[in-house]
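Next come the chains, spelled out residue by residue.
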Amino acid sequence: MKKISSIVLAVILVFTVMLTGGCGNSSKSSAAGEVKIGVILPLTGSEAMFGTMEKNSFQLAYDELKAAGKTSVGGKEIKLMFEDDQSKQDVAKSAAEKLINQDKVAMLSGGYSSSCTKVIAGSAQTMGVPFLVVTGSADDITKQGWQWVFRGAAAPASKYTEALWDMMDKVIKPKTAAIIYENTDFGTSSAKAFRTACQKKGINIVFDQSYESGAIDFKPMLANMGKSNPDIVFAVSYVMDAAMIVKQMKELNLNTKLFIGGGAGYTMPEFKENAGNASDYVASTTLWIPNVKWPGAKDYFTKYKEKYNKEPDYHGAQAYATMYVIADAMQRAKELTPAGIQKSLKETDLMTIMGPIKFEDWDGYTNQDKPNTYVVQWLKGNLQVIWPQDVSTAKYVFPVPKWNER
Amino acid sequence: MHLLGQTLISGFLLGGMYALIAIGMTLIMGVMKIVNLAHGALVMVGMYVTYICFVLWHINPYAGMFISMLLLFVLGSLIQRYMINRLVEVDSILPENQVLLTVGISLVLTEVIRFIFKSDYLSVSTGFSGKTVFLGKMSVSVPMTIGFVIAMVFTYLLHLFLNRTDLGMTIRATAQDRDAAVYMGVNVSRVTMITFGLGSAFAAAGGSLLLPMFYLWPDIGHLFTAKAFIITILGGMGSTAGALLGGLTLGIAESLGATYISMGYKDVVGLVVFLLVLLFMPGGIKSLVKR
Amino acid sequence: MKKVLINITVAIVAILLPLVFRAPYHQHILITILIWAALGTAWNLLGGYAGQVSFGHAAFFGLGAYTAGILALHYNISPWWGLLLGPLVSTLISIPVGLICFRLRGPYFALAMLALGEIFRLVFINWVTFTNGAKGIMIIPKITMKLPYYYMALGLFFLSLTITGLLIKSRFGYYFISIREDQDAAESLGIPTTRYKLFAFLPSAFITGLTGAFYMNYIAFIDPNVVFSLANVSVMIILVVMLGGVATLWGPAVGAAIYILLSEVFRTRMGAASVLAFGILVCLVIMFLPNGIVGELDGLRKMALRKMNGGEKSGLLRG
């Protein structure tokens, strides 16, 4: 029994040789006239919806750049290589190492979930290949002092609310607040930042609870929150939980002066679609919306919608802007090696649809762009910028009308 | 006080719909003694069928539910006949490898659906999706109440079927003692096929009832698999009344947990109740009801 | 003699393998295979030999990983000490878990373990002050070369294999199998079944915890949804074992190699259809090789031997 099993094992090990060796050969042969960029996104599994949107946006930007002749650098053509991380971190690590060792990419990009982004960042840093994060928002990704990790189009989770605080001081002036958030990395980081800021400003937090994403019934939690009667509610939720929460607030006839979402779910087209008119007057912080003032933003939105027949949200915009940052850095790089690209990324100063992007060291962050954040509000079915005032597209509604007065 | 009322109402209504999903599983587990991890995926497929009916032909989800049940009955029977049944006949070291087959089936179903519909979130909104009635200060959701009532009717019908018809009694006989049933001339492979079909149909019904107030995406199945298991064990395998009580117990336990402990620990409450029942009341609630 | 020779050959191949595959990517895949082989072998002791199918081994994997992580997070102690403490914590926790859950049999035991695994995951997510919640724990690894990790993983797998091998060849092995085949009969023969189940459970939890601690050090980042995952840890361990061969010594290793290689090839070659193709493969393997690849091979070999013996006899007759 043992004999045959060990033979089997040996055969399999030989198989390993063939399979992995095979992978290597196929990609090495075409290396001559190309400079490769690895992009790791969740293309299958539960986060595939966002991964696909980002992949499409990369492709859209790439095609535009190609038409403008900006995808060839010094006779070499930029080539995007997409890898799937299946939203699993050990797969993300495999993908990163395959791209770096096997395909010899000049730099990495991608990273949707915070956990996968952390793992990719770790691999990029140890192997000395620049990694430009698209979405992964956990604070500590750019707080390790890692020189090879850059984050441009994405803000650290705790900075999503910058614009909101300005508006809080000038308009909302709440005395009490309630916080509800999903118990993910993004949710807990955002809630923590909000909590700290509240304490600093003397806002009394009367309700503070996390939940597990995917619940059918939020009513027990919401009814409990209603009992504490907060001036405002700050909620960090995934897209469908967001819709469920506002719908059920309406069902419970639970009124607050303003309901503020912490980015993520509350700004997406699906949120509006699923929450229906319960989404009216819901405010949210965000990094981007289609009618923001930056050049090309609206264009991107219409082009994407035309090509893929679906509305993109800020995740897509992050990927689109990232592609432009990459192409720009490639054009300026003195040599197309990881070190050369790292240097040229560091010197980036580019206007994108997400606003100007620069990689700076500040507040304990390394190579982190200072994000532009906005407060938006759903008004008559459209998402409008309401703060900062100088870029607003509509006047805010505050306090919002009660459910039975609408 | 009205907080307690609200919590109980929410838990009670939701529990009724959990029960309908779990009844499918309790049937399958009771008769075939297998752990079916594809149950949630079947719920999901059922929901998609109802969704397609709604979007393409504007069939109200409560009517689309019947189409979905029919289709899932066929799908379930086929899965049982051509996949799971193979393993029952083969001699293997661990009978639990059936479980793994169901994992494979659920992967395939999920990915096929993802292939067709992508990972997008879909939802069905009918005119009464967000309607509520207020009892004092407590809100009662209309679609939830409708769902609850339909779930109760189905449960009762199934109960009648199992107790009053020949086929139903054959199913129960197989559940009690498979070998004896074979000796009595029961065509066990036909009975298991029908049982799996019925279980899948009820899964589809439960999913369809949730559709007007919930949403839909390919990975939603996992949520239901876990709940259905807990309820099946709570109620005792193979018992419709047990599943009903189990569903209500779980719904209320979760709601109370969400209100009085924390929403994050809501599922822990359900699981702890589950473990306690498993350990101290191995027959489930059924063992209390039977007498 | 031949057996020993082959074992030595396999060992030498395993030791030399990373010297042939120098690319870190290949070495990473080899390490992943070894991790799953170690986990599968440990699970097999309890699930395959003693017949106690656990759907909650993620609990021990996660406990091992988190012991290492929390040492680094709260006490600023190198997570490598987790390799010592992690398995101890897992084993300690497994004693009450075993005593409670072994009251249950068959699918009930499986489900109780499943529930326990989920409870651990939820508690680790919600207990933010101690575990850092869903943010997880990230460490900066001191060793960036792959080679040391490879040999550690190899050692881990070897340990798992040795413990399992020694146990099943001893008196314990027979008791395990008798419990699996008929617990009542075993009990009536005077075998203290709960105690012997524990003897299979403790080493199994020990190795699983050790592997978890190693995983933490290697991947350098953990969060509860990953290390306590039902689908990606608990069920995957079982999948690896069933694929390779339940209750065979080498089965889990073969299963791990095939599983990891195929899913990697599918992932890089097939794009969006990869998970689908993989699911179909799982169904086919279980339907047509219900005892796993190694398990079925053994059966086939025995059949072939019988035929050969029969053939020799008839040859003799003719002669």
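This is a predicted model, so every value here is computed, not measured.

**Digging into the overall build of chain A**
Next, step 1: Looking only at helices and strands, chain A has 12 helices and 17 strands in total.
Next, step 2: A globule of 406 residues ought to have a C-alpha radius of gyration of about 22 Å, and chain A, at 23 Å, matches this closely.
Next, step 3: Expressed as lengths along the three principal axes of its C-alpha atoms, the size of chain A is roughly 70 × 60 × 40 Å.
Next, step 4: Within chain A, the fraction of its 406 residues that count as buried is 61%.
Next, step 5: Long-range pairs, those at least 24 residues apart, make up 69% of the contacts in chain A between residues at least 6 apart in sequence.

**Some words on the overall build of chain B**
Next, step 1: Per the secondary structure count, chain B includes 12 helices and 2 strands.
Next, step 2: The linear arrangement of helices and strands in chain B, starting from the amino end, is α-α-α-α-β-β-α-α-α-α-α-α-α-α.
Next, step 3: For 291 residues, the compact-globule estimate of 2.2 N^0.38 gives 19 Å, and chain B sits close to it at 19 Å.
Next, step 4: Taken along its principal axes, the extent of the C-alpha atoms in chain B is 60 × 45 × 35 Å.
Next, step 5: Considering chain B as a whole, with its 291 residues, one finds that 62% of them fall into the buried category.
Next, step 6: Across chain B, every contact between residues at least 6 apart in sequence was considered, and the portion connecting residues at least 24 apart equals 78%.

**Focus on the pairing of strand 10 (residues 258-261) of chain A**
Residue and element names in this part refer to chain A.
Next, step 1: Neither face of strand 10 is open: one carries Leu258 and Ile260, the other Phe259 and Gly261, and all of them are buried.
Next, step 2: Relative to strand 10, strand 9 (residues 232-236) runs parallel, the two being bridged by 4 bridges. Bridging from a neighbouring strand, Val233 pairs with Phe259 of strand 10.
Next, step 3: The pairing of strand 10 with strand 11 (residues 283-286) spans 2 bridges and is parallel. Counted as the bridge partner of Ile260 is Ala283 from strand 11.
Next, step 4: The β-α-β motif built from strand 10, the intervening helix 9 (residues 269-275) and the parallel element strand 11 has right-handed crossover chirality.

**Quick look at the interface of chain A and chain C**
Next, step 1: The partner chain C presents 50 residues to the 42 residues of chain A that form the contact.
Next, step 2: Secondary-structure elements contributing two or more residues to the side of chain A that touches chain C are helix 1 (2-28), helix 3 (89-102), helix 4 (114-127) and helix 6 (185-201) of chain A.
Next, step 3: Per-element accounting of the side of chain A that touches chain C gives the leading share, 15 residues, to helix 1 of chain A.
Next, step 4: Of the residues in the side of chain A that touches chain C, the class split is 14 nonpolar, 17 polar and 11 charged.

**Details of the domain arrangement of chain A**
All names here are of chain A.
Next, step 1: According to the domain assignment, chain A consists of domain 1 (30-155 + 295-368) and domain 2 (159-286 + 373-405).
Next, step 2: Measuring from the centre of the C-alpha atoms in domain 1 to the corresponding centre in domain 2 gives 30 Å.
Next, step 3: Taken together, the residues of the side of domain 1 that touches domain 2 break down into 3 nonpolar, 3 polar and 3 charged.

**Comments concerning the nonpolar core**
Next, step 1: Residues Phe131 of chain A, Ala19 of chain B together with Leu34 of chain C are the most contacted members of the largest nonpolar core, which totals 353 residues.
Next, step 2: A domain-level breakdown of this core finds at least three residues from each of domain 1 (30-155 + 295-368) and domain 2 (159-286 + 373-405) of chain A.
Next, step 3: For Ala19 of chain B, the contacting residues outside a window of four places in its chain are Ala151, Thr155, Ile231, Ala243, Leu244, Gly246, Gly247 and Leu248 of chain B.

**With respect to the interface of chain A and chain B**
Next, step 1: Opposite the 29 residues of chain A that make contact, chain B presents 28 residues.
Next, step 2: Of all the elements in the fold, those that place two or more residues in the side of chain A that touches chain B are helix 2 (48-67), strand 8 (204-211), helix 7 (219-227), helix 8 (239-251) and helix 9 of chain A.
Next, step 3: For the side of chain A that touches chain B, the element with the most residues is helix 7 of chain A, which contributes 6 residues.
Next, step 4: Class assignment for the residues of the side of chain A that touches chain B results in 11 nonpolar, 10 polar and 8 charged.

**Regarding the pairing of strand 7 (residues 176-182) of chain A**
Residues and elements named next belong to chain A.
Next, step 1: For strand 7, a buried count of 6 out of 7 residues is recorded, marking the element as mostly surrounded by other parts of the structure.
Next, step 2: Bridging between strand 7 and strand 8 involves 7 bridges; their strand directions are parallel. Directly across from Thr176, in strand 8, lies its bridge partner Asn204.
Next, step 3: By the bridge criterion, 5 bridges tie strand 7 to strand 9 in an arrangement that is parallel. Counted as the bridge partner of Tyr181 is Val236 from strand 9.

**What to know about the sheet that holds strand 17 (residues 382-387) of chain A**
Residues and elements named next belong to chain A.
Next, step 1: With mixed pairing, the 7 strands of this open sheet are ordered in space as 8-7-9-10-11-16-17. Every interior strand has two partners, whereas the edge strands, strand 8 and strand 17, have only one. The mean inter-strand angle of the sheet, taken between neighbouring strand axes irrespective of direction, is 25°.
Next, step 2: Relative to strand 17, strand 16 (residues 374-379) is paired through 5 bridges, and the arrangement is antiparallel. Directly across from Trp378, in strand 17, lies its bridge partner Leu383.
Next, step 3: Running over the sheet, helix 6 touches strand 7, strand 8 and strand 9 and is turned about 165° from strand 7.

**Here's the deal with helix 11 (residues 266-280) of chain B**
Next, step 1: Along its 15 residues, helix 11 of chain B runs 22 Å from first to last C-alpha, staying within 8% of the 21 Å computed at 1.5 Å per residue.
Next, step 2: Among the 15 residues that make up helix 11 of chain B, 11 are buried, leaving the element largely enclosed by the rest of the structure.
Next, step 3: Among the residues of helix 11 of chain B, those classed as buried are Lys266, Asp267, Val268, Val269, Gly270, Leu271, Val273, Phe274, Leu275, Val277 and Leu278 of chain B.
Next, step 4: Tucked inside the fold, the buried residues of helix 11 of chain B contact helix 9 (221-235) and helix 10 (240-260) of chain B together with helix 5 (106-126) of chain C.

**Details of the UniProt feature "transmembrane region" (unreviewed entry) in chain B**
Residue and element names in this part refer to chain B.
Next, step 1: As recorded in UniProt, the sites labelled "transmembrane region" (unreviewed entry) are residues 12-31, 37-57, 62-79, 99-117, 138-162, 193-216, 228-248 and 268-289.
Next, step 2: Here residues 138-162 runs as 84% helix and 16% strand, with 37 Å between its end C-alpha atoms.
Next, step 3: In the segment residues 193-216, helix accounts for 75% and strand for 0%; the C-alpha atoms at its two ends are 28 Å apart.

**Things to note about unusual backbone geometry**
Only a minority of non-glycine residues have a phi that is not negative, and only a minority of peptide bonds are not trans.
Next, step 1: The omega angle of the peptide bond from Trp387 of chain A to Pro388 of chain A is 0°, so this bond is cis rather than trans.
Next, step 2: You can see Pro388 of chain A is positioned in the segment after strand 17.
Next, step 3: Even without glycine at this site, His58 of chain B takes up a positive phi of about 55°.
Next, step 4: Considering the arrangement of structural elements, one finds His58 of chain B in the loop between helix 2 (39-57) and helix 3 (61-89).
Next, step 5: Phi is positive for Asn76 of chain C, close to 55°, though the residue is something other than glycine.
Next, step 6: With respect to the secondary-structure elements, Asn76 of chain C resides in the loop between helix 3 (58-74) and helix 4 (82-101).
Next, step 7: Owing to 7 C-beta atoms within 10 Å, Asn76 of chain C belongs among the exposed residues under this scheme.

**Some points on the confidence of the model for chain A**
Residues and elements named next belong to chain A.
Next, step 1: The pLDDT averaged across chain A works out to 87; a share of 92% of its residues lies at or above 70.
Next, step 2: By mean pLDDT, helix 1 is the weakest element of chain A at 49, and strand 5 (residues 131-133) is the strongest at 95.
Next, step 3: In the predicted structure, residues 21-30 sits below a pLDDT of 50 and forms 5 contacts with residues beyond four places in sequence or in another chain.

**What to know about the environment of Cys116 of chain A**
Residues and elements named next belong to chain A.
Next, step 1: By secondary structure assignment, the location of Cys116 is in helix 4.
Next, step 2: Linking Cys116 and Lys334, residues 218 residues apart in sequence, is a C-alpha distance of 31 Å.
Next, step 3: Ignoring any residue separated from it by four or fewer positions in sequence, one finds Cys116 in contact with Asp85, Ser87, Gln89, Ala92 and Gly111.

**Focus: the environment of Asp299 of chain A**
Residues and elements named next belong to chain A.
Next, step 1: By the element assignment, Asp299 lies in helix 10 (residues 297-308).
Next, step 2: Classification of Asp299 as exposed rests on a count of 12 C-beta atoms within 10 Å.
Next, step 3: Considering only alpha carbons, one finds Asp299 and Ile353, 54 residues apart in sequence, at a separation of 9.3 Å.

**Side note on the environment of Thr195 of chain B**
All names here are of chain B.
Next, step 1: Here Thr195 is to be found in helix 8 (residues 188-210).
Next, step 2: Its 25 C-beta neighbours within 10 Å are what place Thr195 among the buried residues.
Next, step 3: The spacing of Thr195 and Gly168 is 27 residues in sequence and 9.5 Å in space, taken between C-alpha atoms.
Next, step 4: With sequence-adjacent residues up to four places away left out, Thr195 is seen in contact with Leu27, Ile28, Val31, Met32 and Ile171.

**Things to note about the packing of helix 13 (residues 251-270) of chain C against helix 14 (residues 274-288) of chain C**
Residue and element names in this part refer to chain C.
Next, step 1: Where helix 13 meets helix 14, the closest approach of the two axes is 8 Å, and the angle between their N-to-C directions is 145°. The way helix 13 lies across helix 14 gives a crossing that is right-handed. In contact with Leu262, Ser263, Phe266, Arg267 and Met270 of helix 13, helix 14 contributes Ser274, Ala277, Phe278 and Leu281.
Next, step 2: In the contact of helix 13 with helix 14, the residues fall into 6 nonpolar, 2 polar and 1 charged.

**What about the packing of helix 2 of chain A against helix 10 of chain A?**
All names here are of chain A.
Next, step 1: For the pair helix 2 and helix 10, interaxial distance at closest approach is 11 Å and the crossing angle is 110°. It follows from the interaxial angle that helix 2 and helix 10 lie roughly perpendicular. Across from Asn56, Ser57 and Leu60 in helix 2, the residues of helix 10 making contact are Lys303, Tyr304, Lys307 and Tyr308.
Next, step 2: A class-by-class count of the residues in the contact of helix 2 with helix 10 yields 3 nonpolar, 2 polar and 2 charged.

Basis of the calculations
Residues numbered from 1 in each chain as written. Chains lettered and ligands numbered in written order. Predicted model: local features only at pLDDT ≥ 70, side-chain atom pairs only at ≥ 80, totals over all residues. Helix = DSSP H or I, 4+ residues; strand = E, 2+ residues; numbered from the N terminus. Rg over C-alpha atoms; globule rule 2.2 N^0.38 Å. Buried ≥ 20, exposed ≤ 12 C-beta atoms within 10 Å, placed from the backbone. Contact = placed C-beta atoms within 7 Å. Pairing = 2+ DSSP bridges. Right-handed = clockwise from strand over helix to strand, strands pointing away. Nonpolar A, V, L, I, M, F, W, Y, C, P; charged D, E, K, R; others polar. Domains from an automatic or database assignment. Core = buried A, V, L, I, M, F, W, Y, C linked by C-beta atoms within 7 Å. Axes fitted to C-alpha atoms, helices over the stretch in contact; angles between N-to-C directions. Expected span 1.5 Å × (residues − 1). UniProt positions renumbered as here; feature names shortened; annotations may be inferred. pLDDT = per-residue confidence, 0-100. Left-handed = near helix turned anticlockwise from the far one by under 90°. Parallel < 35°, antiparallel > 145°, perpendicular 65-115°, else oblique.

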